[in-house]
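So you can see what is in the structure, the chains are spelled out below.
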Amino acid sequence: MTDDVAPLPTLRIHALEVGYPIAGGTVAAVRGVSLTVGAHECLGVVGESGSGKTQLFMAVMGLLPGGAHVTGSALFQDEEILWLPPDQLNRIRGSKLAMVFQDPMTSLTPHLKIGVQLAEILVHHRGVSWRDAESAALRALDRVHIPDPQRRLKQYPHQLSGGMRQRVMIAMSLLCEPALVIADEPTSALDVSVQARILELLRDLRAETGISIVLISHDLAVVASLADRVVVMYAGRVVESAPTEDLMRKPLHPYSSLLIQCVPDLRRPRAGRMPFVPGQTPGAGEPDRGCAFAPRCPRSTERCASERPALVNVGSGAEVACHHPLL
Amino acid sequence: MSSSAAMSGPLLDVRGLGVDYRGVRALGAVSFEIHAGETLGLVGESGSGKSTLARAVLRLIRASRGQVLWRGVDLLRCDAATLRRRRRELQIIFQDPVASLNPRMTVAGTLAEPLYIFERALTAGERRMRMTRMLERVGLSEAMLERYPGELSGGQCQRIGIARAMMLHPQLLICDEPVSSLDVSIQGQIVNLLADLQRELGTAMLFISHNLAVVRHISHRVAVIHDGDLIETAPCDTLFASPMHPYTRALMAAVPDPIGWRQAGQR
């Protein structure tokens, strides 16, 4: 966040592309994304379904299916992790680099007790004894404010509510004291009140441990309530990146501005129409020409249809890719 | 239609409706009314009983107690033939727009099905015209008819779900979390569409959601459900301006307000 002797960034992604070969060509999911997650920083990544936000970080985690074609670079603590052999990647994944997925119902193994699932991570990555691992698991559940953790350790996933399971997933991701946690839609499957508590938990954990977090969501309200900086993705590219407060107060890209208008506000008198972004995201395999958002954009001109706007630095830590930004 | 409904009181009059699953109480004893052309919003969290309520009203699951009076007839006790006749007047759309369409059926097949069942006298040409008109109404083109759900986006699938439910011009449409699996950016499209249909066709709605902003937008009255019971019912603006029940207040407080940006920036 500050410019003086910045510590080493936790993650540096450069020109990353993800494509899937199909008969007669390639379908691009991520089209050249570069971004940095600073030490202790929480980076929010917002975008609609199909914007490539999940694909980008699945590529970083080495979790894409075999058919995916990845190019570019991802430096995690200055080490290139995109091309690591599985055994070396597995040393990092789950210990220094962890991921929390959207669906807490399917992310846990149904036939293993919670305690076993937590403990095996420490046994595997740290080589500690099962006994020590289980007491660490107990502390981990306590840390994410699960009441009566002793009893929960002996339960199976189906005996826990959705919010409780997501807490277990977060506890699991923190077990080996990672430098970076990537949370992909961690609250989208949860009720609003549970969502609020999970976001609060992530905020507290960050203050306590100083971990870096990448928070991915289609819901700008969720991202903005935790992130220091927000990256807006559209059709596989970054279209705007700015400190959260600047983005929320004065978005530069018309798309960001529309997303902000879609954030519900119960305090405002209700309008006649509920705000939305008109049209729909381009389908996979559509020609990649000009600005991908142009067909839905209220400010688009002929130039937008033919010439792709580059992502340019506009000062105060903000970048935007638009021919007609809201300046 | 509207005058006869006005004479005979509410369209739907639910009295003490309750559901137990193997002795576990999912829905206590819920009572509410929906009048012709009215939208009742139902807000509650996971496990509060809101989907159980929707299904019990339509007799998709067995109610343990209470009455569901649909224009004076108790749907829970009427015979199968009456239920079948009445059901064309009540339709439902579900949360997962993709899963609620048959993946092996084209859009045309899906939309034609209610007509095959309830309007057998129609010719193929008439059916096609009804389908095309309904597609246009939900903002889709005729070209969609030959497509399969797998070729459509989530928002498009939900439009098809709405079109299918509206094919028979029901008097009551039950919407069970119709937008919660869609991106925030396009939820407004679907909510506005439902509001338009409601206004143009006079369809009454039971609009179920955990999302307060969405419910607030579309409802005339709002009921809050918690642990299987309605704890507060009020006209929409009254409820949001001065919620009475602490649980309602807690629900409202949980809506994220990023960096307190609204108070500072928007006013």
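Residues numbered from 1 in each chain as written. Chains lettered and ligands numbered in written order. Predicted model: local features only at pLDDT ≥ 70, side-chain atom pairs only at ≥ 80, totals over all residues.

Residues and elements named next belong to chain A. Inspection of the secondary structure assignment puts G163 in helix α6 (residues 162–174). For the pair G163 and A224, spaced 61 residues apart in the sequence, the C-alpha separation amounts to 21 Å. The residues touching G163, leaving out its near neighbours within four places in the chain, are L190, V194, R197 and I198. (Helix = DSSP H or I, 4+ residues; strand = E, 2+ residues; numbered from the N terminus. Contact = placed C-beta atoms within 7 Å.)

What follows covers the interface of chain B and chain A. Between chain B and chain A, the contact holds 31 residues from the first and 32 residues from the second. Only α6 (154–166), α7 (184–201), α8 (212–218), α10 (246–253) and α11 (261–266) of chain B provide two or more residues apiece to the side of chain B that touches chain A. Among the elements that make up the side of chain B that touches chain A, the one with the highest residue count is α7(B) (eight residues).

Within the largest apolar cluster, 167 residues are counted, with the highest numbers of intra-cluster contacts made by A:V214 and B:L206. Residue-level mapping places this core at the junction of two domains, with at least three residues from each of domain 1 (2–89 + 170–254) and domain 2 (106–167) of chain B. If near-sequence neighbours (up to four positions away) are discounted, A:V214 is found in contact with A:V37, A:L43, A:V45, A:F57, A:L180, A:I182 and A:A183. (Core = buried A, V, L, I, M, F, W, Y, C linked by C-beta atoms within 7 Å. Buried ≥ 20, exposed ≤ 12 C-beta atoms within 10 Å, placed from the backbone. Domains from an automatic or database assignment.)

A separate point is the sheet that holds strand β7 (residues 180–184) of chain A. The pairing of strands in a sheet happens through backbone hydrogen bonds and is either parallel or antiparallel. Residues and elements named next belong to chain A. The strand order across the open sheet formed by eight strands is β6-β7-β8-β3-β9-β10-β12-β11, and the pairing between neighbours is mixed. On the outer flanks of this sheet lie β6 (97–100) and β11 (312–313), each paired with one strand and no other. Pairing analysis gives four bridges linking β6 to β7, with the strands arranged parallel. Across the sheet, residue L97 finds its bridge partner in β7, namely L180. Helix-sheet contacts for helix α1 (residues 53–60) involve β3 (42–46), β7, β8 (212–217) and β9 (229–234), and the interaxial angle to β8 is about 145°. Across the face of the sheet, α6 comes into contact with β6 and β7 while running at roughly 175° to β6. (Pairing = 2+ DSSP bridges. Axes fitted to C-alpha atoms, helices over the stretch in contact; angles between N-to-C directions.)

Attention now goes to the packing of α6(B) against α7(B). Residues and elements named next belong to chain B. Two elements in contact, α6 and α7, have axes whose closest approach is 10 Å; the angle formed by their N-to-C orientations is 15°. Classed by the angle they form, the pair α6 and α7 counts as roughly parallel. For the element pair α6 and α7, the recorded crossing hand is right-handed. Mapping the contact onto sequence places G155, Q158, I162 and M166 in α6 and I186, Q189, I190, L193, L194 and L197 in α7. (Parallel < 35°, antiparallel > 145°, perpendicular 65-115°, else oblique. Left-handed = near helix turned anticlockwise from the far one by under 90°.)

Take the domain arrangement of chain B next. Domain annotation for chain B reports domain 1 (2–89 + 170–254) and domain 2 (106–167). Of the residues belonging to the side of domain 1 of chain B that touches domain 2 of chain B, the class tally is nine nonpolar, two polar and one charged. (Nonpolar A, V, L, I, M, F, W, Y, C, P; charged D, E, K, R; others polar.)

All names here are of chain B. Over its 13 residues, α6 runs 18 Å from end to end, which matches the ideal 18 Å to within 8%, given 1.5 Å per residue. Of all 13 residues making up α6, 12 are buried, and the element is well covered by its neighbours. Residues of α6 that are buried include every one of G155, Q156, C157, Q158, R159, I160, G161, I162, A163, R164, A165 and M166, and no others. In this structure, the buried side of α6 is in contact with β6 (90–93), α4 (107–118), α5 (124–137), β7 (172–176) and α7. (Expected span 1.5 Å × (residues − 1).)

For the rest of this paragraph, the subject is the pairing of strand β9 (residues 221–226) of chain B. All names here are of chain B. In terms of burial, β9 is a largely internal element, five of the six residues being buried. Taken together, the six bridges between β9 and strand β10 (residues 229–235) define a ladder with antiparallel strand orientation. Bridge assignment links H226 to a residue of β10, and that residue is D229. Counting the residues between successive antiparallel strands, the hairpin from β9 to β10 contains two residues, one of them, D227, with a positive phi of roughly 50°.

The next thing to look at is the sheet that holds β7(B). All names here are of chain B. Here we have six strands laid out as an open sheet, ordered β6-β7-β8-β3-β9-β10, and mixed in their pairing. Here the strands that pair on one side only, and so sit at the sheet edges, are β6 and β10. Averaged over all pairs of adjacent strands, the angle between their axes in this sheet comes to 15°, without regard to strand direction. Note: strand β3 (residues 39–43) against β9, four bridges, orientation parallel. Considered in β9, the bridge of L42 is made with A223. Packed onto the sheet, helix α2 (residues 50–57) meets β3, β6, β7, β8 (204–209) and β9 and runs at close to 150° relative to β7.

As a further point, take α2(B). With seven of eight residues buried, α2(B) lies mostly within the body of the structure. A positive backbone phi angle near 60° is found at B:R59, which sits one or two residues after α2(B).

Residue and element names in this part refer to chain B. The N-to-C vectors of α4 and α5 enclose an angle of 115°; their axes lie 10 Å apart at closest approach. Helix-helix and strand crossings are classified by hand; for α4 and α5 the assignment is right-handed. Contacts between α4 and α5 involve A108, L111, A112 and L115 from the former and R127, R130, M131 and M134 from the latter. Split into classes, the residues belonging to the contact of α4 with α5 amount to six nonpolar, no polar and two charged.

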